[in-house]
Amino acid sequence: MTVPSMFTDSTSPLYNAKLNSTNMPPTAIDLGLTGATDDLQKVVNNLKIMYSEMVHSVNIVEDFIGKPYLERSATDPGPGSSERGSHVAVQVFVGDPKQPTFEDMGNFYSAGRDLLFYCHHANVDRMWTLWRELK
Ligand SMILES: [Cu+2]
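Residues numbered from 1 in each chain as written. Predicted model: local features only at pLDDT ≥ 70, side-chain atom pairs only at ≥ 80, totals over all residues. Heavy atoms only, no water.

K.L.:
Which residues make up the overall build of the protein, and what values go with them?
P.N.:
A tally of regular secondary structure across the protein gives four helices and zero strands. For the protein, the α and β elements follow one another from N to C terminus as α-α-α-α. A compact globule built from 135 residues would reach a C-alpha radius of gyration of about 14 Å, and the protein, at 15 Å, matches this within 12%. Dimensions of the protein, computed from C-alpha atoms along their principal axes, come out at roughly 40 × 35 × 25 Å. Buried positions account for 36% of the 135 residues belonging to the protein. Contacts spanning at least 24 positions in sequence make up 51% of the contacts within the protein whose residues lie at least 6 apart. About 8200 Å² of surface is accessible on the protein, with carbon and sulfur atoms providing 60% of the total. (Helix = DSSP H or I, 4+ residues; strand = E, 2+ residues; numbered from the N terminus. Rg over C-alpha atoms; globule rule 2.2 N^0.38 Å. Buried < 20%, exposed > 50% of the residue type's maximum accessible area, 1.4 Å probe, protein only. Contact = heavy atoms within 4.5 Å. Areas by Shrake-Rupley, 256 points an atom, 1.4 Å probe, with all protein chains shown as cover.)

This is the structure in structure tokens:
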């Protein structure tokens, strides 16, 4: 429940300086973006959020991955549980508040500049695989 050290060690080739230094290990990720400072409380919250996203509130594919973007559809047809929840929370939590718009991870246009983005999205793909096995 922390950012892996390979992304926070400044000697690592995976390191990106545009991260929120106050939210790096050993600080637990706050999936609810509650502002909680107690790591044990954050872990409890995170487990509840993941249960809700993966099991409780997700019944059909669109609940998890969101509604499809189609030609002439609305700009934002509707996010899935992961997109509006843990996925975005991680990106906001680790984005650098010293940057104008929380680059790199905290902004859509710049997130791909941080190698952590690809690890994060691989985890979203892993969650998708797990969700499919649950249903
Ligand atoms: Cu993302």
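Now, onward.
K.L.:
Tell me what's going on with the coordination of the copper ion, and back it up with residues and numbers.
P.N.:
With distances of 1.9 to 2.0 Å, the protein atoms coordinating the copper ion are H87 (NE2), Q91 (OE1) and H121 (NE2). Counting gaps between the donor residues of the copper ion yields the pattern H-x3-Q-x29-H. Highlighted residues: Q91 in helix α3 (residues 81–94) and H121 in helix α4 (residues 116–134), separated in sequence by 30 residues. Using a relative accessible area of 9% as the deciding quantity, one classes Q91 as buried. When its relative accessible area of 25% is taken as the criterion, H121 is described as partly exposed. (Donors = N, O, S within 2.8 Å, 3.2 Å for Na, K, Ca; no water.)

K.L.:
Quick one: what's the story with the UniProt feature "domain: Tyrosinase copper-binding" (unreviewed entry) in the protein, residue by residue and with numbers?
P.N.:
UniProt annotation of "domain: Tyrosinase copper-binding" (unreviewed entry) refers to residues 9–133 when read in the numbering used here. The span residues 9–133 shows a helical share of 44% and a strand share of 0%, and its end C-alpha atoms are spaced 35 Å apart. (UniProt positions renumbered as here; feature names shortened; annotations may be inferred.)

K.L.:
Explain the environment of K42 to me, using residue names and the numbers behind them.
P.N.:
In this fold, K42 is placed in helix α1 (residues 39–56). Placed 11 residues apart in sequence, K42 and L31 show a C-alpha to C-alpha distance of 7.7 Å. With residues near it in sequence (within four places) discarded, K42 still touches T27, A28, I29, D30, A36 and T37.

K.L.:
Could you give me a rundown of the nonpolar core, with the residues and numbers involved?
P.N.:
Ranked by size, the top nonpolar core spans 14 residues in total, and within it V3, I29, V94 and L116 carry the most contacts. Within the residue set of this core, elements represented by two or more residues are α3 and α4. Looking at which element gives the most residues to this core, the answer is α3, with four residues. Aside from chain neighbours lying at most four places away, what touches V3 is T8, M24, P25, I29, V94 and L116. (Core = buried A, V, L, I, M, F, W, Y, C linked by side-chain atoms within 4.5 Å.)

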